[in-house]
Structures are given as structure tokens and as C-alpha cells.
Amino acid sequence: MNISLRITMALIIPVIGSLLFSGVLLFQRMQVVSEVNQLQKLTSLVPVVSAMVHELQKERGMSAVYIGSNGLSFADRLPWQRHLTEEKKKALLAVFDRFDAEAFSISLQGKIKKTQTKLLLLDGERKDVDILKSSVSKIANYFTITIANLLSIVDESATLSTHAEITNAIDAYSSILQLKERAGQERAMGSGGFSRHLFRPEIYKRFVELIAEQKVFLDSFNTHATLEQKTFFAQTMVGATVDEVERMRKIVIDSPITGTTGNIVNSYWFDTISVKINLLRDVENRLADDLVVQANQIKKKAWNVFIITLGVVVAGFFLTAVMLFLIMRSITRPLNHITRATQQVANGDYEVDLPCHTSDEIGVLASNFMKMSFTIQEKEGHLEKAVADLTASYSHEKVLKNKIEESINKIEAASRAKSEFLASMSHELRTPLNAVLGFAQMMQYRKDEPLMPGQKESVDIILTAGASLLNLINEVLDLAKIEADRTTINLDTVDAVKIVSDCVLMLTPLAQKRHIKIKNMVSSASAMLNTDPNRFKQMVINYITNAIKYNKEGGLITIEGSITDHGFLHLSVTDTGIGIAEKNHPNVFEIFHRFQINPHISVEGTGVGLSVVKLLAARLAGNVGFESKLDQGSTFWLELPLLSNKNVLIWTDDLRVGIDQIDFDHQCFVKQINKISVMSQNDEDINAAIDELLKYFAHHFGKEEAVMRVCDYPDLELHSELHKNLTTALNNIIQKWSDQPSGEITAAMRDFARELLIPHMHEDQKYAKFTVGKERQILDVMVDIDNVRNHTAEKMSVNRESKNAITQPDLKKLKNIIFVDDEQHVLDGLKRSLRGMSDEWNMDFVSEGEEALGLMETKPYDIIVSDMQMPTMSGEELLGKVEQQYPSTARVVLSGHVDQDTTYRLVGSSHLFLSKPCSTELLIDTMRKSISLSNTQGLTSN
């Protein structure tokens, strides 16, 4: 991303913010304009409604007088009034049809529809008046309700307005309309009373209420009207007519006392108060005109504000764009000069001419760059010399690193060879040693021929030394069985407190011999374990025994226990002994490593105990460790899962399927599950766990399903679906981890192991019984799968280079096979046994790995058959190099000292295993199967 784009991105954010603000401002102004347009439509409706109200008021009064006089009064004037009302009605209904009431409110829409319905009933009411069928109260009620509906539309308009000035204007206008409506009702009530020369109580009461209501609406008008409008009202509502109405009102109000209506004729009352109502109509018209003018002014003002705002926004945007361009130009131009200068220097040309016309940071940068280029040119010679010296030093360090790695590989190989030799020799030694001890015991307790004192002493020495040697051999055998995962684990619910207490009780006499005190602090921590009680006891005894051996005279041993956050018992044994030097820490748990710090302290033992503890802890889904300082003492700790811990799985014989390769995969799987249970939240651990599971899923699921097909397992499809679900669940975790790495992934991995992986391990036991009797077919499938995996990469490479060059394998071509074994009599036996296969195979027999690799450089071999234990180069090392250098060569292990599980552990499960002694028939059959599979894969790849 170049600097121009970066500057643009940096400046564009406030620009975008300004644009958004401007857009919001314009939207608000446009919204005001839209509201004003709606307001204008609303105010245009009000005068039309008012005109209709006025005519209805007059018709109501005349109709009431007409009925009250039995058709004698206003018979000539009522038709013309109806004509005027009808014109206003048609105009109002036309406006209603064009008016979009739904755009304002549902309430306004309902009031308009209600008014339209009432107006449609007007003709029927008029007919009842013409035939004197209606009464004064009935016709007055109709007109009053209709007028009230119309006035409610005006009141609703005030509530819909969002502009304070318009709301006040409509409120003032509505007050005048309501006042005029009450005056009209007063006219009708007075006409009825004067026509009868008597105001009945209900008429009288309503007459007085109407006068009071008019005063209320007048007060409301004075509250909302402008000063000019109030002045106009005061100037209009004066004169003889207004005074005459007030006089006639007083007569009516006093009539209950005087008992007379002053001989006032109803037509006189009607005409006089109608003149007053017309004056109110003049005030109403003035207010209506003011309302329209005010709405137009607000609309004009809103449009002006919108136009001005739009102009300011456009001008601001233009100025911002210009400023942005000038700022970018002032930064990028000198930076481009500096960039070209740096490219020139990078190409080795230090004669740069960089203009420095500015005094800002860029100018300072250019000046400093010029100085730097001169300095670089001056020191280039020194740097070249330094680089040469560093290169020579690096080459020397690389040679040393290679030698160190080679030494490490040799040490590891020697350690493995040592373990294998000890395991083999321990078996060979125990048998004659048991015989020696047996005969010595017979001699010691023989009563018919008792031993002489000197003989008895010698026999005692034999028994003591033999017992020590037998104990050493048994410990080595135990270690070898644990290393080979052949030891039997018997899980049970174990009370850790009781086991520790038993161990302390048993070892206290040993500690007391050296005046060492054992302090057991585990008694207060109740912890039930799911483990092997004997193995747990063995580990605790080893720790406490070592603490006694390596303690000081009169020292202290403290045993403590606690529960960890991830569901383990943490048991520690601390001594105040001689401690371990830091340089010896890496080898503490290695076999036969014993560190004698104090020459005055004699320590018995074989150096095997801690190695056994470490291996047993791993088998029981636990972990070990220690802390130690020289001359201060050591703390060795052990962690084992609690009975309540459902996140771990311990491998036992109950989990075996009975197929060595599958069981070996499952053992590795169990170890991976247990690693997840105590996995930390750092990226390295999580990535490692995911990689291990991906590799396991990739190679194990297909192998397992192939075995199920051979065994005709009825639930194969269901099991395959479980494999897919596991893969999908893991992919979901990987996706979350890649999208947003967090500590929650650790918890998700533990849930995945507990809820899916552990149940799946138990699910695998279901097909174990179907493997019985299918061992040979399963072996064939394992050979096929392993060879497919070994040969696929090489075959695909050959096919890409020579596609369609070979369409059929050359079955008649002799196959090259090389046999490697350090024992000459084995090679001689193979030569004699395979003599009859010379028409199919070219066979070479060598005794060393180096010799085999030399021959393999001269010609391609289809199969290599190798022993595992050889002096110069081990079979593990040889087969590893063959796998790297000649991946298309099939590999077969033929060994009498290493079992199949150990072979898979050392060199992987992609090798075919045959045990010495091997029948000629089985050997030939295995070779042919490997060759046949190799040919078939060649066709498949093509």
C-alpha cells in the first residue's frame, strides 16, 4: 500500500464523517420541508371545514325555528339556506376525496369518514323537517353532532402539527370555531324559547351553559391568538348588535324571576344574533387567512434553509477535496524523491542529489538521508569485511551443529539399543539365576547334610547377592514391559489418602534408622482416584524411598496433596537432603542415572525407580516433575486424574480391539486425549494438538473402516458417519481458531475430547468380536494400506513425468530384493530357502546397512528386508534412510529380538513385520503380495 493511499485513507475518515454529518443535516432539513408541505395541506383543509360549519350552523337555527313555529317562520328563507349549505357540502366532500388522511393519522382518517357518513344523512333529516315529523331537539342534535365532527377535524389538525406557531394558530382558530358553534346553538335554543314565549327548564339550562362555554372558548382564543388577532377581534365584536344580543340574553336569564320573555319575536332574536355570528365569521376568516399565510411563510423559510444548507455542504465538500489534494501533493512529491534516492542507494549508487526545499519533517528526513548515504559509502568496505568474517563463523557453527545433531542421534540410538539389550539379557539371566538361588536355598536348609560354617557364609553371600541381582533384573523387566506398553493396568477406585498413609507406615522404620521424620500432610485432603492401586503405591514408595536415601541424617520428609484446577491430585514428596545439581536435572528420570553428591552417603538402588514412575504416570494419564537445589533438598511431584475427571482416558486391555496396528494407533490417540486435558492456552500447544488430531484422523479412520469391511461389521455406515462427525467438529474448532484465536479454544478442545473422542474410543470396542477368525484377511488389508501410503507419492510423481508412457506393468521383469542381516548363518539360510525363486527375483544378501545403501545407489530395489538389531547401523536407521531416499521401495522387518509393537513404535506402522524364525512359505507369500500390490498401484496411479 503506497503512501498516497495511506494518506488518503487517513484523511478520508474525517471527510466521510463530515459527509455523513452533512447528509444527516440535509436529511433533517428535507424532513422539515416535507413536514411543512404536509402542514400546508392540513391548513388548506381547515377553511373548507370552517365554511361548511358556518352554513350548517345557519341551517340548524332556521330549521329549529321552522319546526318550533309549525312551519310558519323561515318557510321562505330555509330553501335558500339549504342551497348554500349544499354548495359547501359538495366542496367539502370533493376536498375529502382528494385529501390523503392516511398520510397524517388513523385518527384523522376516522374522523373524516365519520363526518362523511353524517353528511350523507342530511337529506333525510331535511325531509323530516319539511313534513314537521322531526322535533327541535332531534334536528338540533343531528346538526350539533355533525358540526362537532367537523370541528374535531380542526382540533386534530392542531395535534398533528409539529410546528409550535402553526399549532397555536390552529388552536386559536379552533377556539373561534367552537365559540361560534356555541353561539349558533344559543341561536337555536333562543329561537325555540322565544317562539313559545317560554323557556322550559331544560332549554333554559342549556341556554345558560352555552353562554358560559362561549366565555371559556374566548379565553382559549386569547391564550393562543397573536396580539393583532386579539385586537381585530376586539374591534370587530362591538356595536349595537352585540349590545342587543346581550340585552336579550339578560331577559332570558331573568325570565324565571320575571316570568316573561319581553315579547321578543323569535325572528328578531334569530336575525340579531345571526348578525353577531356573522361578525364571528369575519374573525374566523381573518384567522383562516393568517393560518394560510403563516404556513406559506414557514414553507418558504424551510426551503430557503434547505437550499442554503445544500450549498454549504457542496462548497465544504469541494474545499475539502482541494485541501486533500494539496496536502497529499505536499507529502507525496518529496517522498517520491526520497524513494527514488533510496532505490539508487539500494542499487549501489551513493551519488544521490536529493532536493531539500522544505524545513518540515520530510525536509529533515531528506537531509539526514543524504548524510546517511555518505556514511554508508564510507563504511561499506568495513561492512563487507565484517560480513565475510560472519560468514566464516556461521559455516563453522553449522558444521558444529551438524556434529551435535549426529551425536544426539547416536546417543538416542545407543539408548534404545541399551534398553533392548537389557530387556533381552534380563530374560536370559533370570532363568539361570533362579536355578542358582534355588540350589543355594536347598543347600542352606538341608538338614541331613548341614553346611560347615565357612560353607554357610558363602551360601549366605550367594543368596544375598543373588537376591539383589534378581531384584535388579525384575525392575529392568518391569521397565521394559512398561516401555513396550505390555504391562497390565487394573483400574479401580483408589483412596489416595489411605494408600499414602500405608506407604508412610511401611517406610517409617526405614526412615527411623537414619533419624529421618516423615510428615504426612495428605490426611486432610480427601481424593478418590481412578487408577491402578498397586502401581500408584509403587510410585509413592519409589518417591518416599528416594527421599530417605538421598536425605541428610536427621532430615525431614514432607508429603503434601492438593487438587488442581484441571481435575488431578497433585502429590509432592519434599526432602531436606543433598539435592541435585542443575546440570543433572535433564537426566533425573533417565534409566540408571544416579547422582552421588556426597561421597560419605552410601545409597543403594538400581537407578530404575524414577524411570518406572515416569512411565507409569504416563500410562495412567498422569504426569511427573521435580524441583531441586543443591544442598537444599528436592521436591518430586506426581499428578494423577481424580475419579471425577472425565476429560482423560487410561489405556487398559479392555480397550484393545485385537489388531496390533489399530491398538497401537489407539494408544497414541489416548495419549493425545490426555495431553489435551492438561493443555495450556498458548498457541504452540493448541496448534500441536490440532496437527496431531488431523494426522491421526487422516490415516487411522480409513484404516479402521477397511478392517470393518473385511470383518463384515454390520454398523460400518454408522461408524463411518461418526468419523465424519468427528472430522466436522474438529474443522469447526479449527475455523474458530483461525477466525479469532482465544482462550475459549482450549475449553472447546477439552469438550471435544470429553464429549466426542473418549466415547468414540469405547465405540471402537464394538467391532472387536467381529475380527475373530479374520486375522489373515486383516493382515492382508494392513499390508495393502501401508504399501499404498508408502508408494503413492512416488507413483504419482512418476506418472506425472511419463503419463501414458506405460499402460501395462511389465510382469515378466525380475524383481530386485535385498536382504540385510548381521548374522551370516541367517543370510545363508535365506539363500538356501529362496534358491528356487531365482526365476522371479534378483536377490542380494549383505551384512551391513552401509553396504545395502551402496548397492541401492547402483540399481533400483523393489523390496528391502532388514533385521533391526545390527552393530554398525541399526535397522531403524537403515529403514529410515531408505524411506527418505527410496520411498518406492517396500520395507519389511525380519527380527527375532524386537516385537511388532516395538517395531511400529520405532519406525512407524508403515512397515511389514515378520518374526524370526519365519517359514519359507510365509516369507515367499509376503514377498509376492508386496510385489503384486506394487504392480497394482502402478496401474491405479496411472
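Bear in mind the structure is a predicted one, so any value in this text is a computation, not a measurement.

**Some remarks on the packing of helix H17 (residues 683-710) against helix H19 (residues 744-763)**
Two numbers describe how H17 lies on H19: the axes approach to 12 Å, and their chain directions differ by 20 degrees. When the axis of H17 is compared with that of H19, the two are roughly parallel. As for how H17 packs across H19, the hand of that crossing is left-handed. In this structure, H17 contributes Ile 686, Ala 689, Ile 690, Leu 693, Phe 697, Phe 701 and Glu 704 to the contact, and H19 contributes Ile 745, Thr 746, Met 749, Phe 752, Leu 757 and His 760. Each residue belonging to the contact of H17 with H19 can be placed in one class, and the counts come to ten nonpolar, two polar and one charged.

**Digging into the packing of aromatic side chains**
Under the counting rule described, the total for this entry stands at 14 aromatic pairs. Taking the centre distance of 5.7 Å and the plane angle of 50 degrees together, the rings of Tyr 543 and Phe 636 count as tilted. Placement of the pair is Tyr 543 in helix H14 (residues 533-549) and Phe 636 in strand S7 (residues 633-641), with a sequence separation of 93 residues. Here Tyr 543 falls in the buried class, since its relative accessible area comes to 4%. Through pairs of rings, three or more aromatic residues link up here, namely Phe 194, Phe 199, Phe 207 and Trp 269.

**Considerations on the environment of Ser 152**
Within the fold, Ser 152 resides in helix H5 (residues 136-160). Since its relative accessible area comes to 17%, Ser 152 is described here as buried. Polar side-chain contacts of Ser 152 include one of 2.5 Å to the backbone oxygen of Asn 149.

**Description of the confidence of the model for the protein chain**
A residue-level look at the protein chain finds 77% of positions with pLDDT of 70 or above and a mean pLDDT of 78. Taken together, the stretch residues 790-812 has pLDDT below 50 and engages in 23 contacts with residues farther than four places along the chain or on a different chain. Long-range and interchain partners of residues 936-942, a stretch whose pLDDT sits below 50, account for 13 contacts in this model, where long-range means more than four residues apart.

**Concerning the environment of Leu 122**
With respect to the element layout, Leu 122 can be found in helix H4 (residues 122-130). Taking the C-alpha atoms as reference, Leu 122 lies 10.0 Å from Lys 89; in sequence the two are 33 residues apart. In this structure Leu 122 touches Leu 56, Glu 59, Thr 85, Lys 89, Tyr 142 and Phe 143, once residues within four positions along its chain are discounted.

**Topic: the nonpolar core**
Counting residues in each nonpolar core, the largest one holds 74 residues, and the members touching the most others are Val 49, Leu 56, Phe 99 and Trp 269. When near neighbours in sequence (up to four residues on either side) are disregarded, Val 49 contacts Leu 92, Leu 150, Ile 153 and Val 154. Core analysis: the next-biggest nonpolar cluster, separate from the first, contains 47 residues, Ile 544, Phe 568, Leu 571 and Ile 580 among them.

**As for the sheet that holds strand S6 (residues 623-629)**
Read across the sheet, five strands follow the order S2-S4-S5-S7-S6 without closing on themselves; strand pairing throughout is mixed. With partners counted over all chains shown, the strands left at the sheet margins are strand S2 (517-520) and S6, one partner each. Neighbour-to-neighbour, the strand axes of this sheet turn through a mean angle of 15 degrees, independent of strand direction. Pairing between strand S4 (residues 556-563) and strand S5 (residues 568-575): seven bridges, direction antiparallel. Pairing of Gly 561 across the sheet is with Leu 571, part of S5.

**Things to note about a nonpolar patch on the surface**
A surface patch of nonpolar side chains, about 470 Å² in accessible area, is lined by Met 9, Ile 12, Ile 13, Ile 16 and Leu 20. Residue position: Ile 13 is located in helix H1 (residues 3-68).

**Topic: unusual backbone geometry**
At Leu 132, a residue that is not glycine, the phi angle is positive and equals roughly 55 degrees. Structurally, Leu 132 can be placed in the loop between H4 and H5. Within the chain, Asp 631 stands out as a residue other than glycine whose phi angle is a positive 70 degrees. Tracing the backbone through its elements, the reader meets Asp 631 in the loop between S6 and S7.

**Quick look at the pattern of salt bridges**
Counted under the stated rule, the structure contains 28 salt bridges. Residue Arg 77 pairs with Asp 271 through a salt bridge whose shortest N-O separation is 3.1 Å. Residue Arg 77 is located in the loop between H1 and helix H2 (78-98), and its partner Asp 271 is located in helix H10 (residues 266-346); the two are separated by 194 residues in the primary sequence. By relative accessible area, which is 34% here, Arg 77 ends up partly exposed. Here Asp 271 falls in the partly exposed class, since its relative accessible area comes to 32%. One salt bridge connects Asp 123 with Arg 126, and the closest N-O pair in it is separated by 3.6 Å. In this pair, Asp 123 and Arg 126 both sit in helix H4, three residues apart, roughly one turn of the helix. The exposure class assigned to Arg 126 is buried, which follows from its relative accessible area of 9%.

Rules used throughout
- Residues numbered from 1 in each chain as written.
- Predicted model: local features only at pLDDT ≥ 70, side-chain atom pairs only at ≥ 80, totals over all residues.
- Heavy atoms only, no water.
- Axes fitted to C-alpha atoms, helices over the stretch in contact; angles between N-to-C directions.
- Helix = DSSP H or I, 4+ residues; strand = E, 2+ residues; numbered from the N terminus.
- Parallel < 35°, antiparallel > 145°, perpendicular 65-115°, else oblique.
- Left-handed = near helix turned anticlockwise from the far one by under 90°.
- Contact = heavy atoms within 4.5 Å.
- Nonpolar A, V, L, I, M, F, W, Y, C, P; charged D, E, K, R; others polar.
- Phe/Tyr/Trp six-rings, centres within 6.5 Å; stacked < 30°, edge-to-face > 60°.
- Buried < 20%, exposed > 50% of the residue type's maximum accessible area, 1.4 Å probe, protein only.
- Polar contact = N/O pair within 3.5 Å; in protein donor to acceptor, adjacent residues only side chain to side chain.
- pLDDT = per-residue confidence, 0-100.
- Core = buried A, V, L, I, M, F, W, Y, C linked by side-chain atoms within 4.5 Å.
- Pairing = 2+ DSSP bridges.
- Patch = residues over 30% accessible without salt bridge, like charges linked within 9 Å, V, L, I, M, F, W, Y side chains within 5 Å.
- Areas by Shrake-Rupley, 256 points an atom, 1.4 Å probe, with all protein chains shown as cover.
- Salt bridge = Lys/Arg side-chain N within 4 Å of Asp/Glu carboxyl O.

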